[in-house]
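Examination of the molecular architecture
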Number of protein chains: 2
Amino acid sequence: MSASAPSGGTGKPVLIYDASLRDGHHAVRHQLGRDQLRAYAEAADAAGIPMVEVGHGNGLGASSLQVGQARLSDDEMLSIVRESLRDSAMAVFMLPGWGTTADLRRAIAHEADVVRIGTHCTEGDLAERHLGFLREQGVQAQAVLLMSHMTSAERLAHECARLVEFGANAVGIMDSSGHYLPADVTERIGAMRAAVEVPVMFHAHNNLGMAVANSIAAVEAGADILDACARGFGAGAGNTQLEVLVPVLERMGFSTGIDLYGLLDAADLAERTLMPAPPTIDSVSVVSGLAGVFSGFKTRVLDIARREDVDPRDVFFELGKRQAVAGQEDLIVEVALALKAARSA
Amino acid sequence: MSASAPSGGTGKPVLIYDASLRDGHHAVRHQLGRDQLRAYAEAADAAGIPMVEVGHGNGLGASSLQVGQARLSDDEMLSIVRESLRDSAMAVFMLPGWGTTADLRRAIAHEADVVRIGTHCTEGDLAERHLGFLREQGVQAQAVLLMSHMTSAERLAHECARLVEFGANAVGIMDSSGHYLPADVTERIGAMRAAVEVPVMFHAHNNLGMAVANSIAAVEAGADILDACARGFGAGAGNTQLEVLVPVLERMGFSTGIDLYGLLDAADLAERTLMPAPPTIDSVSVVSGLAGVFSGFKTRVLDIARREDVDPRDVFFELGKRQAVAGQEDLIVEVALALKAARSA
C-alpha cells in the first residue's frame, strides 16, 4: 500500500470471504485449472483477504454430469489452494445431498479452516448432522440459507437460531436470485442479528445492480461477514465485486484489514486469468432478479421458450410466481406450455 | 408489456432522461453512425422513454481534434434522431466554451425539446447567457453542475438557485467521477431540493458500483429527473444502467411510464449495435472513483505513469488531493515527477 492511497477505516471490523474460486466457478463451468487456482490464491493471500473459498460451484462432492464435471477433483483443488495460502483461511462449501460426511472428512484432511454448509432457506434442518459432525471435529462451521428472498425475515431468524443450536459458528443468507433491494436486506439481517449471538453473513448477487449497496445495508444492520468475488466473478450478473466493496467499506469507516493495492492486483489477475470477461447485467439477469428465480434456470428457459415460441421473460415471471426452486426444471416446460395455451385461448 | 410481468409503480413520477446517445458516445470516441442512432432512438421511443439525448459526448459544438471528432455532424445527429422520435422529447447537451449561441440556434432549428447546459460545479454563472437566450426562445432549459463532489451541498444549492434565476427550468448535478456513496447524494440533493422549486436531476457514474443505489437515494431525497444509459453505456465504469434503474424504481413504487419489455428490447439492441461490450468496473475505475478524479484522465495517467515508472494509482490519488479538473492535464506530469522524486529522495 502506498502513502498516496487513502487510509482505511478503523471502525467495526468486517470479515471478507472471497468466493471467487468457488462461486466464480459457475461462470466457467467449473473448469479452473491448477495454475489459475494457485495464482489467484497467492494474490488473495498477499492482499490479506482473510478467507478464500475453493471448490466446484456447487461445493464438495458436486462434480457430476448433472451439474457439470469440474476439471480438477476436490482433492486437487484443496491441496493446491492449501499450498498457496500462508495467512488466509481456506474455506469450502457443501450442499447436503451433493456432499456427504466423507467429503467433510476429506476437506478436514486437507486442513480446510472453514466449512460452510448451505441449504434452501426453509430447510436448515438438513444441515443438522453435518454441523454436528463439524462441531465434534472442532472445525469452524458456517451455515448459510440459499434463495433467502423466498421466506420471511422471521422465518430466517428462526432457521438461524436452529442452525446455531446444531453447531454453526456463524450463520447467513444468500440472495441467490439477486432479488433484494437494500430495505429487504436491512429487515432480514436485522432479524437474524437479533436472533443469534454468532457472526452473521450476507452473500449478494448483482442482478439489480445492488450487490454493493445491499452488502453495505447488511453490515449496517449488523452483519459481520460479507461474501464477494474478484470482478464479481460468478454466473449471470455475478456476485458482489470484491475490489469495489472493500474500499467502499473502508471509506465508510469499516475495517477489513485488506491492502487496497494488493486487492486491486488480485482482481486484475482474476480478470486476466480466470474469466473470459467480467460479468455484466444482461436483460435475462434483470428479469430473473425481478422474478426471484434461480439464475441456473437461464439456459433451459431460453431453450424452451424458443421451442414453444413464448417470451422467455414471461416464463421467468411465471416461474417466480410459482416459487420455482432448483431441481424443479420440469416446471419450465409446464409454464411455457401454459403461456402458449393462454395466448391461443 | 405482458400480463406476466410485474405491474409498475403508481407513486411519485420520476422522469427518465436517456443519455445513451450522448454520454455513451464517450465510450466509442463519438463514432456512432446514422443507422445506430436511428435504431436506438426508435427503440427508446417505442419503450416510452420520455427524453432522449443525442450528440457528441462533450455536447454541441465539441467535435474537434482536441476531444475527438464525431463521425457525424451535430446537424446530422439531430436530424436523424428528430425523425426517429414520435413521442419522446429530443434533448441536447452543451458545455459553454465548446458550444455557442449559434449551436443553440441550430439545435432549436432541429426542434430540440430540451437543452441542457453544463458547467463545472462552482461555475454556474457561465451558463447565464445561454439560459437567458433559451428562456427568450421558449425552449425548455436544464442546467447541470459537473464534478459536483468537489464542492459542498450548500454551495451546490446556492448555484442551483442562481441557475433558476438565470432561467433554468430544471437543475441538477453530475457525479462525474463516480465518487458518491448514497449518503453524499442524500445530503446534496436534499439541499438543492430545499433551495429551488423547479425539478431537480441527478446523473450518476458507476465507479464504486453505486450508480443505481445513488440514483434511488436521489429520488428519495426529492429528485424528479434521473439520467441513465442502456447497459450503462459510457466511458470507464459507465453510467447508471437504464434498464436496471427503471424496474427498481417501479418496484419501489415510483412511476416512470416506461414499458419494461420495450426497455429491455432497447437495451438488448444497444448492447448488440452501439458498443463493443457493456462497461465493467476495472481497477482504474475504482481508483479514479475513490480519488474523485475526472475519468477522462485515464489514458494519459496510464501513459505518463508508465513513462515515469510510477504507480498510476498513486498518480490518481495525488490528482484527487490536488483537486484536478478537466483541462489540467499538465498536472499529471507534475504529479508523476513529484512521486518519482519522493521515491528516490
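Treat the numbers as computed from the prediction; the structure is a model and nothing was measured.

Here we take up the UniProt feature "active site" (unreviewed entry) in chain A. All names here are of chain A. The residues that UniProt annotates with the feature "active site" (unreviewed entry) are His26. Its place among the elements puts His26 in the loop between β1 (15-21) and α1 (34-47). A relative accessible area of 28% means that His26 is categorised as partly exposed.

Considering the arrangement of structural elements, one finds His179 of chain A in the loop between β6 (170-174) and α6 (182-195). A distance of 3.2 Å separates a polar atom in the side chain of His179 of chain A from the backbone oxygen of Leu290 of chain A.

What follows covers the environment of Met210 of chain A. By the secondary structure assignment, Met210 of chain A is in the loop between β7 (200-203) and α7 (211-220). Each C-alpha atom, one on Met210 of chain A and one on His179 of chain A, is 9.0 Å from the other, the two residues being 31 residues apart in sequence. Sequence-distant contacts of Met210 of chain A, that is, excluding residues within four places in its chain, are made with Tyr180, Leu181 and Pro182 of chain A together with Val212, Ala213, Ile216 and Val248 of chain B.

So, about the domain arrangement of chain A. All names here are of chain A. The assigned domain composition of chain A is domain 1 (15-273) and domain 2 (283-344). Using C-alpha coordinates to define each centre, domain 1 is positioned 27 Å away from domain 2. Counting from both sides, the interface comprises eleven residues of domain 1 and, opposite them, twelve residues of domain 2. In total, about 890 Å² of surface goes out of reach between domain 1 and domain 2, with carbon and sulfur atoms giving 57% of it. Area buried by domain 1 at its contact with domain 2 is led by Met150, Asn207 and Leu208, which between them contribute 44% of it.

In this complex, chain B contributes 45 residues to the contact, which on the side of chain A involves 45 residues. For chain B, the biggest contributors to the area lost against chain A are Ser4, Arg251 and Arg313 of chain B; these three give 19% of the whole. Counting across the chain B and chain A interface gives four salt bridges. Asp265 of chain A is the salt-bridge partner of Arg313 of chain B, the closest N and O atoms lying 2.9 Å from each other. For the pair chain B and chain A, the number of links is 20 residue pairs in polar contact (both at pLDDT 80 or more). Looking at the side of chain B that touches chain A residue by residue, the classes come out as 25 nonpolar, eight polar and twelve charged.

Here the focus is the pattern of salt bridges. This model, assessed by the stated rule, comprises 51 salt bridges over all chains. Asp282 of chain B serves as the salt-bridge partner of Lys298 of chain B, at 3.0 Å between the closest nitrogen and oxygen. Of the two residues, Lys298 of chain B sits in helix α11 (residues 298-308) while Asp282 of chain B sits in the loop between α9 (260-273) and α10 (283-291), which places them 16 residues apart along the sequence. Salt bridges sharing partners connect three or more residues here, namely Arg231, Glu243, Asp268 and Glu271 of chain A.

Quick look at the pairing of strand β3 (residues 89-94) of chain A now. Residue and element names in this part refer to chain A. A large share of β3 lies buried, amounting to six of its six residues. Both faces of β3 are covered, namely the face carrying Ala89, Ala91 and Phe93 and the face carrying Met90, Val92 and Met94. Bridging between strand β2 (residues 51-54) and β3 involves three bridges; their strand directions are parallel. Each bridged residue has a counterpart across the sheet, and for Val52 the counterpart in β3 is Met90. Crossover handedness for the path β2 to helix α2 (residues 74-84) to β3: right-handed.

Time to look at the sheet that holds β1 of chain A. All names here are of chain A. Read around the closed barrel, the eight strands follow the order β1-β2-β3-β4-β5-β6-β7-β8; overall the barrel is parallel. With direction set aside, neighbouring strand axes in the sheet form an average angle of 25 degrees. Pairing of β6 with β7, which is carried by four bridges, proceeds in the parallel orientation. In the strand pairing of β7, Ile173 is matched with Phe202. Packing of α1 onto the sheet brings it into contact with β1 and β2, and relative to β1 it is tilted by some 165 degrees. Contacts between helix α5 (residues 153-166) and the sheet are confined to β5 (140-146) and β6, with β5 contributing the most and set at about 155 degrees to the helix.

Parameters and conventions
Residues numbered from 1 in each chain as written. Chains lettered and ligands numbered in written order. Predicted model: local features only at pLDDT ≥ 70, side-chain atom pairs only at ≥ 80, totals over all residues. Heavy atoms only, no water. UniProt positions renumbered as here; feature names shortened; annotations may be inferred. Helix = DSSP H or I, 4+ residues; strand = E, 2+ residues; numbered from the N terminus. Buried < 20%, exposed > 50% of the residue type's maximum accessible area, 1.4 Å probe, protein only. Polar contact = N/O pair within 3.5 Å; in protein donor to acceptor, adjacent residues only side chain to side chain. Contact = heavy atoms within 4.5 Å. Domains from an automatic or database assignment. Buried area = accessible area lost by both parts, 1.4 Å probe. Salt bridge = Lys/Arg side-chain N within 4 Å of Asp/Glu carboxyl O. Nonpolar A, V, L, I, M, F, W, Y, C, P; charged D, E, K, R; others polar. Pairing = 2+ DSSP bridges. Right-handed = clockwise from strand over helix to strand, strands pointing away. Axes fitted to C-alpha atoms, helices over the stretch in contact; angles between N-to-C directions.

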